[in-house]
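Read off the chains here:
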Amino acid sequence: MGLTAGIVGLPNVGKSTLFNAITQSQVEAANYPFATINPNVGVVEVPDERMDALCELFNPRKRIYTTFEFTDIAGLVKGASKGEGLGNKFLSHIRQTDAICEVVRCFDNDDITHVEGSVDALRDIEIINLELVFADLQSIENRLSKVERKAQAKEKDAQIEYALLIRIKKALDEGKPIRSLTLNKNELKLLDSFQLLTSKPIIYVANMSEDDIGNPDLNEHYQKVKIYAEQENSLVIPICAQIEMELSSMDKKERKIFLSELGIHESGLDKVIRSAYYLLGLKTFFTVGEPEVRAWTFKDGMLAPECAGIIHTDFERGFIRAETYTYDDIMLYRNEAAIKQAGKLRLEGKEYVVKDGDIMHFLFNV
């Protein structure tokens, strides 16, 4: 689907360490067709136990997991919205992403300096978030100056846009991100054209020490970030970027043993990947068989022909119907013949809304 999350943060918070873990874990280019991977983009597999189970069942010659992109964005400093540091370049890189992963330092270490002189997770969050608010406010004010005259001339579209811009400006003036507003479908569609920074969904990544990651709730910095995230209905994920770097060089079996020894069920990176995936309303359907088991990313709410088009445009253009069954059913009945016999194979038409975990076979004619 070409969606990406941008990793942002102040200098020396662990952002680069996390991104290095991502790039060491990224899939081979052969499993990510039609893409040229830039040095600042990491493409990782979305962890999904269903894929592992399907591969075990069908024993395919080839297996392709669905993927997600992370973009490493240069460190931000206070005053970026006014051109400090990389300034506008930093902000333009965020505009090109679909979601934001904000890395926040939640560990004390005298050997690692902090750009602000001390460790204060909430202060760091507010520095970044206010810079994004200031940048959006500038964009909104520029847009208002262009739309206001048309709105006063009673142009309907301009009046609708003007009313939305005024509402957004009020929130930004109060220091609130645009994502905190409740907007209808038409307003969201109009908002997309503005490319505003604080409208993007956000995940706070609380970077901790190895000693704290086993029980993050005991970490005072994490507790503050958690409360802040809850107040704006955002996610916060505790990780130890240093551990993620070590995990990135291990195979699956070694990772499992290592995490078990730390008393952790799942790596922080896997949590970040999965959370970013679902934060953007992304779901997965599967195609299965002996030649290949493959996971495909689609947007929640897409119809069967649109999902067929993800595989190939001809599939959508000549769509006839989709033979469909659920992941749960194939796990229960163990093969497609038994699924048919149990009456669990469905024939779905053009109006079918594809569900997460559907296993699809598309029939088409061009």
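Residues numbered from 1 in each chain as written. Predicted model: local features only at pLDDT ≥ 70, side-chain atom pairs only at ≥ 80, totals over all residues. Heavy atoms only, no water.

**A closer look at the pairing of strand 1 (residues 4-8)**
- Across the five residues of strand 1, five count as buried, placing the element largely inside the fold.
- Side chains Thr4, Gly6 and Val8 of strand 1 all project onto a buried face; the interleaved residues Ala5 and Ile7 project onto the opposite face, where all are buried too.
- Sheet topology note: the strand 1/strand 5 (residues 99-105) ladder contains four bridges and is parallel. Looking across to strand 5, one finds that alanine 5 is bridged to alanine 99. (Buried < 20%, exposed > 50% of the residue type's maximum accessible area, 1.4 Å probe, protein only. Helix = DSSP H or I, 4+ residues; strand = E, 2+ residues; numbered from the N terminus. Pairing = 2+ DSSP bridges.)

**Points about unusual backbone geometry**
- Here asparagine 12, not a glycine, exhibits a phi torsion of approximately 65°, which is positive.
- Here asparagine 12 shows up in the loop between strand 1 and helix 1 (15-25).
- A residue is classified by how much of its surface remains accessible, and asparagine 12, at 42% relative accessible area, is partly exposed.

**A look at the side chain of glutamate 244**
- If you trace the backbone, glutamate 244 turns up in helix 8 (residues 241-247).
- This buried residue, glutamate 244, is left without a salt bridge; arginine 255 holds the nearest opposite charge, at 7.8 Å.
- Side-chain polar atoms of glutamate 244 contact the backbone nitrogen of glycine 268, separated by 2.9 Å.
- Apart from residues lying up to four places away in sequence, glutamate 244 is in contact with Ala21, Ser267, Gly268 and Leu269. (Lys, Arg positive; Asp, Glu negative; His and termini not counted. Salt bridge = Lys/Arg side-chain N within 4 Å of Asp/Glu carboxyl O. Polar contact = N/O pair within 3.5 Å; in protein donor to acceptor, adjacent residues only side chain to side chain. Contact = heavy atoms within 4.5 Å.)

**Things to note about the packing of helix 5 (residues 156-173) against helix 6 (residues 185-192)**
- Contact geometry of helix 5 with helix 6 gives a least axis separation of 11 Å together with a crossing angle of 80°. The angle between the axes of helix 5 and helix 6 places the two elements in the roughly perpendicular class. Counting all contacts with helix 5, which are made through Glu161, Leu164, Arg167 and Ile168, the residues of helix 6 involved are Glu187, Leu190 and Leu191.
- Split into classes, the residues belonging to the contact of helix 5 with helix 6 amount to four nonpolar, no polar and three charged. (Axes fitted to C-alpha atoms, helices over the stretch in contact; angles between N-to-C directions. Parallel < 35°, antiparallel > 145°, perpendicular 65-115°, else oblique. Nonpolar A, V, L, I, M, F, W, Y, C, P; charged D, E, K, R; others polar.)

**A word on the packing of aromatic side chains**
- The final tally for this structure, using the stated rule, is eight aromatic pairs.
- Ring geometry for tyrosine 204 and tyrosine 228: centres 5.9 Å apart, planes at 85°, overall edge-to-face. In this pair, tyrosine 204 sits in strand 6 (residues 202-207) while tyrosine 228 sits in helix 7 (residues 220-231), placing the two residues 24 residues apart along the sequence. Each of the two residues, tyrosine 204 as well as tyrosine 228, counts as buried.
- Seen from their ring centres, tyrosine 277 and tyrosine 278 are 5.3 Å apart, and the 90° between their planes marks the pair as edge-to-face.
- These aromatic residues form a ring-pair network of at least three members: Phe285, Trp296, Phe298, Phe319 and Phe362.
- Over the aromatic face of phenylalanine 107 sits the side chain of arginine 105, whose NZ or CZ is 4.6 Å from the ring centroid. (Phe/Tyr/Trp six-rings, centres within 6.5 Å; stacked < 30°, edge-to-face > 60°. Lys NZ or Arg CZ within 6 Å of the ring centre and 35° of its normal.)

**Considerations on the environment of histidine 93**
- Positionally, histidine 93 belongs in helix 3 (residues 88-95).
- On the basis of relative accessibility, which here comes to 27%, the residue histidine 93 falls in the partly exposed class.
- For the pair histidine 93 and isoleucine 73, spaced 20 residues apart in sequence, the C-alpha separation works out to 6.6 Å.

**Considerations on the side chain of aspartate 358**
- Mapped onto the secondary structure, aspartate 358 falls in strand 12 (residues 358-364).
- One buried charge, aspartate 358, has no salt-bridge partner; the nearest side chain with opposite charge is arginine 346, at 4.0 Å.
- From its side chain, aspartate 358 meets the backbone nitrogen of lysine 355 in a polar contact 2.9 Å long.
- Those residues in contact with aspartate 358 that lie beyond four places of it in its chain are Thr284, Phe285, Phe286, Thr324, Tyr325, Thr326, Arg346 and Tyr352.

**Topic: the environment of alanine 206**
- You can see alanine 206 is positioned in strand 6.
- In the structure, alanine 206 is positioned 191 residues away from lysine 15 in sequence and 10 Å away in space, judged by C-alpha atoms.
- When sequence neighbours within four positions are dropped, the list of residues in contact with alanine 206 reads Val104, Cys106, Tyr222, Val236, Ile237, Pro238 and Ile239.

**Quick look at the sheet that holds strand 1**
- The six strands lie next to each other as 2-4-1-5-6-7, forming an open sheet whose pairing is mixed. If you trace the sheet from one side to the other, it starts and ends with strand 2 (41-45) and strand 7 (235-239), each paired once. If you compare each strand with its neighbour and ignore which way they point, the axes differ by 25° on average.
- Here strand 6 pairs with strand 7 via five bridges, running parallel.

**Regarding the pattern of salt bridges**
- Under the counting rule described, the total for this entry stands at 17 salt bridges.
- Across the pair lysine 15 and aspartate 72 runs a salt bridge whose closest N-O atoms are separated by 3.0 Å. Taken together, the residues span a long stretch of sequence, with lysine 15 in helix 1 and aspartate 72 in strand 4 (residues 67-72) at a distance of 57 residues.
- Each of Asp48, Arg50 and Asp356 takes part in a single network of salt bridges with overlapping partners.

**Some words on the nonpolar core**
- If you look at the biggest cluster of nonpolar residues, it comprises 58 residues, and the most contacted ones within it are Leu18, Phe68, Phe70, Cys101, Tyr204, Val205 and Val225.
- In terms of residue count, helix 4 (residues 121-152) provides more of this core than any other element does, six residues in total.
- Not counting chain neighbours up to four residues away, the residues in contact with leucine 18 comprise Val103, Val205, Ile239, Ala241 and Leu269.
- Counting 16 residues, the second-largest nonpolar core is a separate cluster that includes Leu137, Leu144, Ala151 and Leu196. (Core = buried A, V, L, I, M, F, W, Y, C linked by side-chain atoms within 4.5 Å.)

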